[in-house]
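Given next are the chains, with one letter for each unit.
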Amino acid sequence: MVHVKCRSGLYPFSEIRRFAISDDQVPWAVLVANYSPPHYDSPVLRNKPWADPPCDDKNFKPKWNELDGKINRNSHTGPYSVVEGRPLNPKGRTGLQGRGVLGRWGPNHAADPIVTRWKRSEGMKETNPITQLPILQFCAIQRRDCGQWAIPGGMVDPGEKVSETLRREFLEEAFNSLEAGQDRRKMNEEMIGEFFESGNEIFKGYVDDPRNTDNAWMETVAVNFHDDSNETVGKFSLQAGDDAKNVKWVDIDKDLDLYASHSSFVEAVAKLRHAHW
Ligand code: RP5
Ligand code: MG
Ligand code: MG
């Protein structure tokens, strides 16, 4: 499917308007003679330790399509092209050149923990009256940046294992671990540590994120961790933290409108668990 959320209107947190292209014009293989997207590198990236330098910086010698020191510049989608020193978005045009607000040229790797439990009343699983299937709930956060509801995911730090990112981001965004006292932090870490030991990989690849550009894009590994009995994560009280301003259990259903490609990840979990969608 062609990307959609990274093609329209104003680029997030800017006054820059994307160059409009039709679905047919997205693939690089299709010639678009007048394609002249604006260039945007957000000023927030300047001298940030988590961001690459500008592509024309003489000291910047990235190793594209490989592990570059601790930075993973491989794409889950396979090798990407690099034209005039800049990686090209593997899904095609976005109407904007540069990095936008993304820290890395090329793939920006994230991880998304999809934590689920059954909706219950008085201990019994609730079913949807139409599909007769049990209703699954996932732990959703409201993003501070755009206000949209989302999976509590985040960026993989250089050298960090994806399994660690999944656990860390969940604790930061849904359990506010960065501001928790020592006792609560320890208790949550122990409980989540055990719970996160076994998950089901749902998706690995490109994300249709509104921040994507022609030269920088989001990729993720989405993993489902399920509390079947509401005895572990399912019964703990949630507290939003870091880049989340709200957190709650949300019923999974096809009308969900979530950030980036998150609805499709949640749909895959509902199918996997034979839940209502
Ligand atoms: C999405 O952005 C990913 O699926 C992940 O949920 C998220 C990571 O970015 P931040 O939450 O750190 O902004 O593309
Ligand atoms: Mg985060
Ligand atoms: Mg996040």
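Residues numbered from 1 in each chain as written. Chains lettered and ligands numbered in written order. Predicted model: local features only at pLDDT ≥ 70, side-chain atom pairs only at ≥ 80, totals over all residues. Heavy atoms only, no water.

Caption draft 1: Up close: the overall build of the protein. Counting its regular elements, the protein contains 3 helices and 15 strands. The C-alpha atoms of the protein give a radius of gyration of 20 Å, which matches the 19 Å a tight globule of 277 residues would have. Each principal axis of the C-alpha atoms in the protein carries an extent, and together these give about 60 × 45 × 30 Å. Scored against the burial criterion, the 277 residues of the protein give a buried share of 49%. Considering only intrachain contacts with a sequence separation of at least 6, the fraction spanning at least 24 residues in the protein is 69%. In the structure as shown, the protein presents an accessible area of about 14000 Å², 50% of it carried by carbon and sulfur atoms. (Helix = DSSP H or I, 4+ residues; strand = E, 2+ residues; numbered from the N terminus. Rg over C-alpha atoms; globule rule 2.2 N^0.38 Å. Buried < 20%, exposed > 50% of the residue type's maximum accessible area, 1.4 Å probe, protein only. Contact = heavy atoms within 4.5 Å. Areas by Shrake-Rupley, 256 points an atom, 1.4 Å probe, with all protein chains shown as cover.)

Caption draft 2: Focus on helix H3 (residues 262-272). Those residues of H3 not exposed but buried are His262, Ser263, Phe265, Val266, Val269 and Ala270. End-on view of H3: buried residues confined to an arc of 160°, all on one side of the axis. Directly beyond the C-terminal end of H3, a positive phi value near 55° is found at His274. (Arc of directions from axis to C-beta.)

Caption draft 3: Molecular detail of the pattern of salt bridges. Counted by the stated rule, this structure contains 17 salt bridges. With a shortest N-O distance of 3.5 Å, Arg168 and Asp157 are connected by a salt bridge. A residue pair is termed long-range when its members are at least 10 positions apart, and Arg168 in helix H1 (residues 162-174) and Asp157 in the loop between strand E12 (154-155) and H1 qualify at 11 residues. Judged by its relative accessible area of 17%, Arg168 is buried. By relative accessible area, Asp157 is classed as partly exposed at 40%. The shortest N-O distance in the salt bridge between Arg168 and Glu160 comes to 2.7 Å. A cluster of three or more residues bridged by salt bridges with shared partners is formed by Asp157, Glu160, Arg168, Glu169 and Glu172. (Salt bridge = Lys/Arg side-chain N within 4 Å of Asp/Glu carboxyl O.)

Caption draft 4: Region of interest: the coordination of the magnesium ion (ligand 3). Protein-derived coordination of the magnesium ion (ligand 3) comes from Gly153 (O) and Glu173 (OE), at a distance range of 2.2 to 2.3 Å. In this structure the magnesium ion (ligand 2) is found 3.4 Å away from the magnesium ion (ligand 3), and Glu173 serves as a bridging donor for the pair. Pair noted here: Gly153 is in the loop between strand E11 (149-150) and E12 and Glu173 is in helix H1, with a separation of 20 residues, a long-range link. Judged by relative accessible area, Gly153 falls into the buried class, the value being 9%. (Donors = N, O, S within 2.8 Å, 3.2 Å for Na, K, Ca; no water.)

Caption draft 5: Spatial organisation of the packing of aromatic side chains. On inspection of all chains with the given rule, the structure shows 11 aromatic pairs. Between the aromatic rings of Tyr11 and Tyr40, the centroid separation amounts to 5.7 Å while the plane-to-plane angle is 65°, which identifies the pairing as edge-to-face. On the criterion of sequence distance, the pair formed by Tyr11 in the segment before strand E1 (39-41) and Tyr40 in strand E1 is long-range, its members being 29 residues apart. A relative accessible area of 1% places Tyr11 in the buried class. Seen in terms of ring centroids, Phe170 and Phe175 are 5.5 Å apart; in terms of plane orientation they differ by 55°. Their pairing is tilted. Like Phe175, Phe170 is buried. Among the aromatic residues, ring-to-ring pairing joins Phe170, Phe175, Phe195, Phe196 and Phe225 into one connected group. The positively charged end of Arg143 is found above the aromatic ring belonging to Tyr259, 4.2 Å away from the centroid. (Phe/Tyr/Trp six-rings, centres within 6.5 Å; stacked < 30°, edge-to-face > 60°. Lys NZ or Arg CZ within 6 Å of the ring centre and 35° of its normal.)

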